[in-house]
Amino acid sequence: MLWFVIPALDERENLPATGRRLAEACAAAGEAFRIVVVDDGSTDGTADVARAHVPNAEVLRHERNRGPGAAMDTGLRHVLARAGAGDLVVTLEADGTSDLAILPALVRLCREGGKDVALASVYGRGGEVRNTRVHRRVLSATANALCRGALGLRGVATYSSFYRVHRVEALRAALDRYGARMIEERGFTYAVELLVKLVRTGARLGEVPMVLDASQRVGKSRMKVLPTIRAYLRLIARLGLVERR
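## Description of the overall build of the protein chain
Turning to step 1, where the next piece is worked out: Summing up its helical and strand segments, the protein chain has eight helices and nine strands in all.
Turning to step 2, where the next piece is worked out: Counting all 245 residues of the protein chain, 51% fall into the buried class.
Turning to step 3, where the next piece is worked out: For the protein chain, contacts bridging at least 24 residues in sequence account for 77% of all contacts bridging at least 6.
Turning to step 4, where the next piece is worked out: For the protein chain, the exposed area adds up to about 10900 Å²; of that, 51% sits on carbon and sulfur atoms.

Have a look at this one:
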C-alpha cells in the first residue's frame with residue numbers, strides 16, 4: 001500500500017489534477033493507495049474540492065494556517081496510526097510540480113534497493129529546476145549547499161525535497177525516538193529537520209533525479225525565500241548544537 005500525504009493551502013485549482021495523476025500513476029504500477037490531504041487553513045474551499053475530486057482521499061483540516069511542517073506532522077501521524085507493516089509513505093506537494101514518472105523508481109529504492117527513504121533530487125546528477133526565476137534558483141541552491149556542508153548527510157544531494165518515499169518502519173522509528181518533537185519546524189524547513197532525524201534513527205537514504213517544472217503549478221509558490229534561508233540557518237544551528245547530544 002502507498003499512502004500519500006499532501007499538505008495544501010489554497011490549492012483548489014491544483015488538487016484535482018494532482019489527484020488524477022496520482023491515481024493514474026498508481027494504476028499503471030498496480031499499487032493500492034490512499035491519499036491524505038491536510039488542508040492547512042485554506043480559505044478557497046480546498047477541503048471540499050479534495051473530497052469531491054481527489055480519489056481515495058481522506059481530508060484533515062487545520063482551522064487556521066499553521067505552516068507546511070505542521071500540516072505534514074498532522075498527516076504523517078494520521079497515517080502512522082493506520083499503515084500496515086511494509087507500507088510506504090509518499091510525501092509531495094499539492095501543486096503538481098512533483099514528477100510522478102519517477103515514482104516507480106523511488107518505490108523500488110525502498111522495496112528492492114535497501115533504502116528507508118528515497119528522495120526526488122533536483123540537485124543530484126540529472127536533476128534540474130525549470131521555469132523558476134534565477135534569484136529563487138540561486139537562493140534555493142545556496143540553502144541546500146548550506147545544509148549539505150553543515151549536516152553532511154551521505155548519499156544524497158538534495159536535502160529539502162518534499163517529494164519522498166519512506167518505509168513506514170523508518171518513520172515509526174523516528175516517532176518512537178522523538179515523539180512530539182519529530183517535526184518541530186512549522187515552515188518549509190521541516191523537510192531538512194525530518195531527514196536528519198530519520199538518519200539519526202538509522203534510516204538509509206537514496207535519491208532519484210527529478211526535473212522540477214514550476215510551469216506545472218497554477219498560482220505562485222508560497223515559499224518566502226529570504227525568511228526560509230534564515231530559518232535554515234537557525235535549524236542548522238539547532239540540529240548541530242542540540243540534536244547531536
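Following the structure, the description resumes.
## Remarks on the side chain of D73
Turning to step 1, where the next piece is worked out: Checked against the element boundaries, D73 lands in helix α3 (residues 68-80).
Turning to step 2, where the next piece is worked out: Take D73: its relative accessible area is 12%, and that puts it in the buried class.
Turning to step 3, where the next piece is worked out: Excluding residues within four positions of it along the chain, D73 makes contact with M182 and I183.

## Brief notes about the nonpolar core
Turning to step 1, where the next piece is worked out: Counting residues in hydrophobic clusters, the biggest one holds 40 residues, and the most contacted among them are L76, V192, L194 and L198.
Turning to step 2, where the next piece is worked out: Elements supplying a minimum of two residues to this core: β1 (2-8), β2 (33-40), α3, β5 (117-121), α5 (134-151), α6 (168-178), α7 (190-200) and α8 (225-243).
Turning to step 3, where the next piece is worked out: In terms of residue count, α7 provides more of this core than any other element does, seven residues in total.
Turning to step 4, where the next piece is worked out: The residues contacting L198, other than those within four sequence positions of it, are V117, H166, A170, L171, A174 and A203.

What counts, and where the lines are drawn
- Residues numbered from 1 in each chain as written.
- Predicted model: local features only at pLDDT ≥ 70, side-chain atom pairs only at ≥ 80, totals over all residues.
- Heavy atoms only, no water.
- Helix = DSSP H or I, 4+ residues; strand = E, 2+ residues; numbered from the N terminus.
- Buried < 20%, exposed > 50% of the residue type's maximum accessible area, 1.4 Å probe, protein only.
- Contact = heavy atoms within 4.5 Å.
- Areas by Shrake-Rupley, 256 points an atom, 1.4 Å probe, with all protein chains shown as cover.
- Core = buried A, V, L, I, M, F, W, Y, C linked by side-chain atoms within 4.5 Å.

That is the geometry; function is a separate question.
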